[in-house]
Amino acid sequence: MARALINVPAAARRGEIIEIKALVSHEMETGFRRTQLGILIPRDIITQFVCTYNGAEIFRAEFYPAIAANPFIAFSTIATESGTIAFKWTGDNGFSMTESAAITVA
Amino acid sequence: MDDRERKKNSRREFMRAVGGLAAGVALESATTAAAAAEPAAATISTGTRTTVVSMLEAIHKVVGAAPINKGKVRLDLPPLVENGNAVALTVSADSPMTQAEYVKAIHLFSEKNPQPYIATVHLGPRAGRARVATRVRLADTQTVVAICEMSDGSFWSDSVNVVVTLAACLEVL
């Protein structure tokens, strides 16, 4: 199973812009490489990443094979209320991974 | 006098030879570009790199008929990359990120990777700040293009030339 690393501040002031970083372990096989026997290695990548804040989508990304292995993404959001920030990665061969972090907004 | 004449002649011959060589190279690159511009070659066959043509086609698919303006968006990439397998990239856009005016999406394109697409990110007013960072693969020394789609439907672009010394692996394992 893949492992995900996320970085969300545990506490923030209301209205503050917080930086979110997310990294998931995944090979991101491009589908353009061949084995020594010349057989094409099929594509196996993460195609979509969605971040939700208390259920509302705040960020979404579509990935292509040009994204490096172990896709890392950093973005920001405004801390509006306490709750959970959830992350979901989906990809080829039924890959699905979720992670979440709690945030306290004062 | 005689000697000088001879020197002049040899210089002329040399220049002619160089000129011919340059023309030959130009012709060759033009034909390879034309061959790769066929969609099948650009997408299906491996090892074939995207050309400027297919990158522009990909950009056209996203942008449509809208004009692309320069400015407002800033693409940060190191100018010289040792390892093309993971290149840190940051895109930021000049936008207040309010309900009335925000960055809707940022599209990233590559000129010489096997596919022109790198990634698309969708933002909204809740982002607070239009700035995204990720790591990408670069298969060759090339130009990377970022296109920013604003909430009012306008498009803004920035491009960076990157020299890659070790390309992202496309070869046999």
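Summarised in this report is the structure supplied together with it. This one's a predicted model, so the numbers in the text were calculated from it and none came from an experiment. (Residues numbered from 1 in each chain as written. Chains lettered and ligands numbered in written order. Predicted model: local features only at pLDDT ≥ 70, side-chain atom pairs only at ≥ 80, totals over all residues.)

1. Some points on the interface of chain B and chain A
Turning to step 1, where the next piece is worked out: Taken residue by residue, the interface counts 30 residues in chain B and 25 residues in chain A.
Turning to step 2, where the next piece is worked out: For the side of chain B that touches chain A, the secondary structure elements donating two or more residues are strand S6 (117-122) and strand S7 (131-136) of chain B.
Turning to step 3, where the next piece is worked out: A breakdown of the residues in the side of chain B that touches chain A according to their chemical character gives 15 nonpolar, ten polar and five charged.
Turning to step 4, where the next piece is worked out: Sheet topology places strand S5 (residues 56-63) of chain A next to S6 of chain B; four bridges connect them, and they run antiparallel. Across the sheet, the residue bridging to Arg60 of chain A is His122 of chain B, located in S6 of chain B. (Contact = placed C-beta atoms within 7 Å. Helix = DSSP H or I, 4+ residues; strand = E, 2+ residues; numbered from the N terminus. Nonpolar A, V, L, I, M, F, W, Y, C, P; charged D, E, K, R; others polar. Pairing = 2+ DSSP bridges.)

2. A short note on the nonpolar core
Turning to step 1, where the next piece is worked out: Within the largest apolar cluster, 61 residues are counted, with the highest numbers of intra-cluster contacts made by Ile67 of chain A together with Ile106, Ile118, Ala146 and Cys148 of chain B.
Turning to step 2, where the next piece is worked out: The greatest single-element share of this core, amounting to five residues, is contributed by strand S8 (residues 142-150) of chain B.
Turning to step 3, where the next piece is worked out: Beyond its immediate sequence surroundings of up to four residues, Ala146 of chain B is in contact with Val73, Leu75, Val91, Ile106, Leu108, Ser157 and Asp158 of chain B. (Core = buried A, V, L, I, M, F, W, Y, C linked by C-beta atoms within 7 Å. Buried ≥ 20, exposed ≤ 12 C-beta atoms within 10 Å, placed from the backbone.)

3. A few points about the sheet that holds strand S4 (residues 87-93) of chain B
The strands making up a sheet are joined through hydrogen bonds of the backbone, oriented either antiparallel or parallel.
Turning to step 1, where the next piece is worked out: Overall, antiparallel pairing links the six strands, which are arranged S1(A)-S3(A)-S6(A)-S7(B)-S4(B)-S2(B) in an open sheet. Edge strands, defined here as strands with exactly one partner in the open sheet, are strand S1 (4-7) of chain A together with strand S2 (73-76) of chain B. Each neighbouring strand pair of the sheet contributes to a mean axis angle of 15 degrees, computed without reference to strand direction.
Turning to step 2, where the next piece is worked out: Inspection of the sheet shows strand S6 (residues 72-78) of chain A paired to S7 of chain B by two bridges, in the antiparallel sense. Directly across from Ala74 of chain A, in S7 of chain B, lies its bridge partner Ala133 of chain B. (Axes fitted to C-alpha atoms, helices over the stretch in contact; angles between N-to-C directions.)

4. Details of unusual backbone geometry
Residue and element names in this part refer to chain A.
Turning to step 1, where the next piece is worked out: Although it is not a glycine, Asn54 sits at a positive phi angle of roughly 50 degrees.
Turning to step 2, where the next piece is worked out: Mapped onto the fold, Asn54 is located in the loop between strand S4 (46-53) and S5.
Turning to step 3, where the next piece is worked out: We classify Asn54 as partly exposed; it has 13 C-beta atoms within 10 Å.
Turning to step 4, where the next piece is worked out: Look at Asn93: it is not a glycine, yet its phi comes out positive at around 55 degrees.
Turning to step 5, where the next piece is worked out: Inspection of the secondary structure puts Asn93 in the loop between strand S7 (83-91) and strand S8 (96-105).

5. Describing helix H3 (residues 52-63) of chain B
What sets the pattern is the α-helix's 3.6 residues per turn: residues three or four places apart point alike.
Turning to step 1, where the next piece is worked out: Over its twelve residues, H3 of chain B runs 16 Å from end to end, which matches the ideal 16 Å to within 8%, given 1.5 Å per residue.
Turning to step 2, where the next piece is worked out: Backbone geometry just after H3 of chain B places Gly64 of chain B at a positive phi near 75 degrees. (Expected span 1.5 Å × (residues − 1).)

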